[in-house]
Amino acid sequence: MLHTNTTRGWGIAIGIISILFLMSASLVYGYTNTTWHDAYLAFFHPTTSNEHLIIRDVRFPRALIACFVGACLGVSGAIMQSITRNPLSSPSILGVNAGASFFVVVGVVFLSVQSLQSYMWLSFAGASFAFLLVFILSSTGREGLTPLKLTLAGSAITALFASFTQGLLVLNETALDQVLFWLAGSVANRPLDLLVTALPYMIGALLLSFLRAKELNVLSIGDDVAVGLGQRTVWIKFFFGVCAVVLAGSAVAVAGPIGFVGIIIPHLIRSLVGLDHRWILPYSAIGGAALLLLADIGSRYVLMPQELPVGVMTALIGVPFFIFVARRKLGI
Amino acid sequence: MKIFNRLDFTRHPFYATVLVFLAVVTVMLLSAGSGEFPLSPAKVIAALFGFGDEFDRTILVDFRLPRIIMALFVGMALAVSGAILQGITKNPLASPDLIGVTAGASFAVVLFLTLFSDENNSLTVSIQWLPLFAFAGATITALIVFLLSWKNGIAPFRLLLIGIAVAAFMHAGTTVWILMGPIYQASQATIWTTGSIYGANWSQIYIIMPWVLLLIVISLLMRRQMNILELGDDIATGVGSRVIQNRVLLLLLSTGLTGVAVAFAGGIGFVGLLAPHIARRIVGPKFQSMVLFSAGIGALLVLIADWIARVAFAPVEVPAGVWTAAVGAPYFIFLLMTERKKGGTNA
């Protein structure tokens, strides 16, 4: 537990150093044998040797993408858990990832979309559509919005979008070739241009949510009290909902659907720094980046010489965690 | 549903069941007649009884019939499996695919194909063992899910939540095994995850048919135990029923049915949820009539889904699972919205 703001500040510094260390480790470890010295040389005394090429052109983009996508997923999960007041919320559980994937596939099949920019917008549209749909559907009915209904509605929407996506891909084989690599949920072999296109949205949403994180604290005292204190909770929820959707949407646009990062990280972070969102959000960014970097490095070793999509790794780690949270934190 | 009220099939479940199986036969005939070479129902019947064109007979017997018969048995198996599961958990939202049993069976199928295939991509053991493997996978997964959701009983929503998580884990595991290869017909491994009857053949039908019929007959023989369980654990124990033993037996029946269905058709979703619901609406909750009727409805659902899959975008196949999900997922959300928290009791 980090209690004072000073220790929390130092924690951030240590976290950033760990991220840099993990990114360097991501450059060094893998099927092709390289050393830390090689990694140094590849950037400062570059040659055209195979090792240097792999470090610069394959592993470096991969480390950057894992870092940013992980950060986005972590923060997006923290925000979603806060505004839905549901410990099980996260982009993958609420169907946001599936919605984004579906919209991108629709775009590729019906609108013959090619540009990276339009991938982004489709992904945003799909993410927001799915999030709104799940939110509205689970709010109607006898008991209003309960964490359970939200989670179950999310998984039903996921099933629906996933099977539609599959159907569309079967219909159109050229689209299949174009998006299959992306649908697997992986940070490997992604063009760096994709990240560059998404980066402004990612950084913008991250900064905006960090700056206004204080308002999230208001939500945790409950809607009634918050409204009584003169807070416009609807507006706060809307603002952060947009942030969460942009973060999740851009993460999906870059790396495809990767699950369970957004659910694991906020829980660990809350037990580390407490309930103040001014600290939870930046810590979740660091934690998400670290988890995805670690999972990505691990995914190179499980089936050596083959690689596992990192989404599979996060699912294998995340499911036991999800079950633990479901049993402990939900009064069901 | 005014017409159903007037006819009141709850008092005449026999006629209802006859009607639904007539519908099944009709759909089978129509489906058998449609495709790239359309045949009239009369021609289909003629060909079935050995008359008519040699050409017609080849199309029917070698290509269309295996799929249609497979759809029939898969639909019945999934529906009955769902009906039993909803009964023993007293959870109207339960179904083999939603609580992860289907995913466990798919995992076992892929495991089977990975473990027992050699470098030439052919199997080293008989494919007859496949349903048994799928059954084991389904049963083990079901036990894991039940164990993990046990906390002074099994609350309906908790069961679903844990099931969804376990299903995600099994899917990830399946991906790992597929990547590990060598695998017998790698393309076939993906069929199980989508849920499709594409590529059914007669030898598979000879394996699935006895299993499904046997398991459905056993479920019907256990109708008394099932009806007593519906009354609640206390009453069931009071009238001398061995509650836990019966429940385990029934669970094995349910996972067995899911196992054989998944072994040959993969995870066709939502049939096990939809069919028992429709059946209860029309013939009422009494187990024996409900189970037979849901078998008919399940067969209808999968037959129609596979028919659409085959014909709608010919020559491309859109897997049958896509169509059942398109109907099933919205219905699941509708149930979720109308379900009361106390709708199910602890099982």
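Residues numbered from 1 in each chain as written. Chains lettered and ligands numbered in written order. Predicted model: local features only at pLDDT ≥ 70, side-chain atom pairs only at ≥ 80, totals over all residues.

A. Main features of the overall build of chain B. Of regular secondary structure, chain B possesses 15 helices and 0 strands. Expressed as a percentage of the 347 residues in chain B, the buried residues total 53%. Taking contacts inside chain B between residues at least 6 apart in sequence as the whole, the part at least 24 apart equals 79%. (Helix = DSSP H or I, 4+ residues; strand = E, 2+ residues; numbered from the N terminus. Buried ≥ 20, exposed ≤ 12 C-beta atoms within 10 Å, placed from the backbone. Contact = placed C-beta atoms within 7 Å.)

B. Fine view of the overall build of chain A. Counting secondary structure elements, chain A contains 14 helices and 0 strands. Each helix and strand of chain A, placed in order from N terminus to C terminus, yields the pattern α-α-α-α-α-α-α-α-α-α-α-α-α-α. The C-alpha radius of gyration of chain A comes to 20 Å, within 12% of the 20 Å expected for a compact globule of 332 residues. Across its three principal directions, the C-alpha atoms of chain A cover 65 × 55 × 35 Å. For chain A, the proportion of its 332 residues judged to be buried stands at 51%. (Rg over C-alpha atoms; globule rule 2.2 N^0.38 Å.)

C. Representation of the packing of helix α6 (residues 147-171) of chain A against helix α15 (residues 320-338) of chain B. Contact pair α6(A) / α15(B): the axes reach a minimum separation of 9 Å and the direction vectors enclose 165°. When the axes of α6(A) and α15(B) are compared, the pair comes out roughly antiparallel. Note on packing geometry: the crossing formed by α6(A) with α15(B) is left-handed. Contacts between α6(A) and α15(B) involve Lys149(A), Leu152(A), Ala153(A), Ala156(A), Ala159(A), Leu160(A), Ser163(A), Phe164(A), Gln166(A) and Gly167(A) from the first element and Gly321(B), Val322(B), Ala325(B), Ala329(B), Phe332(B), Ile333(B) and Leu336(B) from the second. For the contact of α6(A) with α15(B), the residue count by class is 12 nonpolar, 4 polar and 1 charged. (Axes fitted to C-alpha atoms, helices over the stretch in contact; angles between N-to-C directions. Parallel < 35°, antiparallel > 145°, perpendicular 65-115°, else oblique. Left-handed = near helix turned anticlockwise from the far one by under 90°. Nonpolar A, V, L, I, M, F, W, Y, C, P; charged D, E, K, R; others polar.)

D. Local environment of the packing of helix α4 (residues 54-89) of chain B against helix α9 (residues 202-221) of chain B. Residues and elements named next belong to chain B. Where α4 meets α9, the axes come as close as 10 Å, and the angle between the chain directions of the two elements is 30°. Judged on the interaxial angle alone, α9 and α4 are roughly parallel. Here the hand of the crossing between α4 and α9 comes out left-handed. For the pair α4 and α9, the contacting residues are Pro-66, Ile-69, Met-70, Phe-73, Met-76, Ala-77, Val-80 and Ile-84 in the first and Trp-202, Gln-204, Ile-205, Ile-208, Met-209, Val-212, Ile-216 and Ser-219 in the second.

E. How the structure looks around the confidence of the model for chain B. All names here are of chain B. The predicted model of chain B has a mean per-residue pLDDT of 82, with 88% of residues at 70 or higher. Here residues 342-347 scores under 50 on pLDDT; set against residues more than four positions off or in separate chains, the count is 15 contacts. The ipTM assigned to the predicted complex is 0.83, against a pTM of 0.85. (pLDDT = per-residue confidence, 0-100.)

F. Local environment of the interface of chain B and chain A. Each side of the interface is counted separately: chain B has 35 residues, and chain A has 32 residues. Looking at the side of chain B that touches chain A, the elements with two or more residues in it are α7 (156-180) and α15 of chain B. In terms of residue count, α7(B) provides more of the side of chain B that touches chain A than any other element does, 14 residues in total. Looking at side-chain class alone, the side of chain B that touches chain A contains 25 nonpolar, 5 polar and 5 charged residues.

G. Molecular detail of the environment of Leu60(B). All names here are of chain B. Relative to the helices and strands, Leu-60 is located in helix α4. On the basis of neighbour count, Leu-60 is assigned to the buried category, with 23 C-beta atoms found within 10 Å. As a C-alpha pair, Leu-60 and Gly-33 span 27 residues in sequence and 8.3 Å in three-dimensional space.

H. Summary view of the environment of Gly82(B). Residues and elements named next belong to chain B. Mapped onto the fold, Gly-82 is located in helix α4. Given 30 C-beta atoms within 10 Å, Gly-82 falls into the buried group. If we skip the residues at most four places from it in the chain, Gly-82 touches Ser-95, Pro-96, Gly-272, Leu-273, Ala-275 and Pro-276.

I. Representation of the nonpolar core in the model. Membership of the largest hydrophobic core comes to 226 residues, with the highest contact counts inside it found for Val69(A), Val74(B), Val109(B) and Ala134(B). Excluding anything up to four places from it in sequence, Val74(B) contacts Ile197(B), Ala261(B), Phe264(B), Ala265(B), Ile268(B) and Val302(B). (Core = buried A, V, L, I, M, F, W, Y, C linked by C-beta atoms within 7 Å.)

J. Quick look at the confidence of the model for chain A. On average, residues of chain A score 87 in pLDDT, and 96% of them are at 70 or above. Per-residue pLDDT, averaged within each element of chain A, yields its smallest value for helix α7 (residues 173-183) of chain A (70) and its largest for helix α13 (residues 277-299) of chain A (94).

K. Local environment of unusual backbone geometry. Located in the positive-phi region is Asn189(A), a residue other than glycine, with phi close to 55°. Assignment of secondary structure puts Asn189(A) in the loop between α7 and α8 (192-211). Exposure remark for Asn189(A): the 12 C-beta atoms within 10 Å place this residue in the exposed category. Positive phi values are uncommon outside glycine, yet Lys90(B) reaches one of about 45°. By secondary structure assignment, the location of Lys90(B) is in the loop between α4 and α5 (101-115). Given 18 C-beta atoms within 10 Å, Lys90(B) falls into the partly exposed group.

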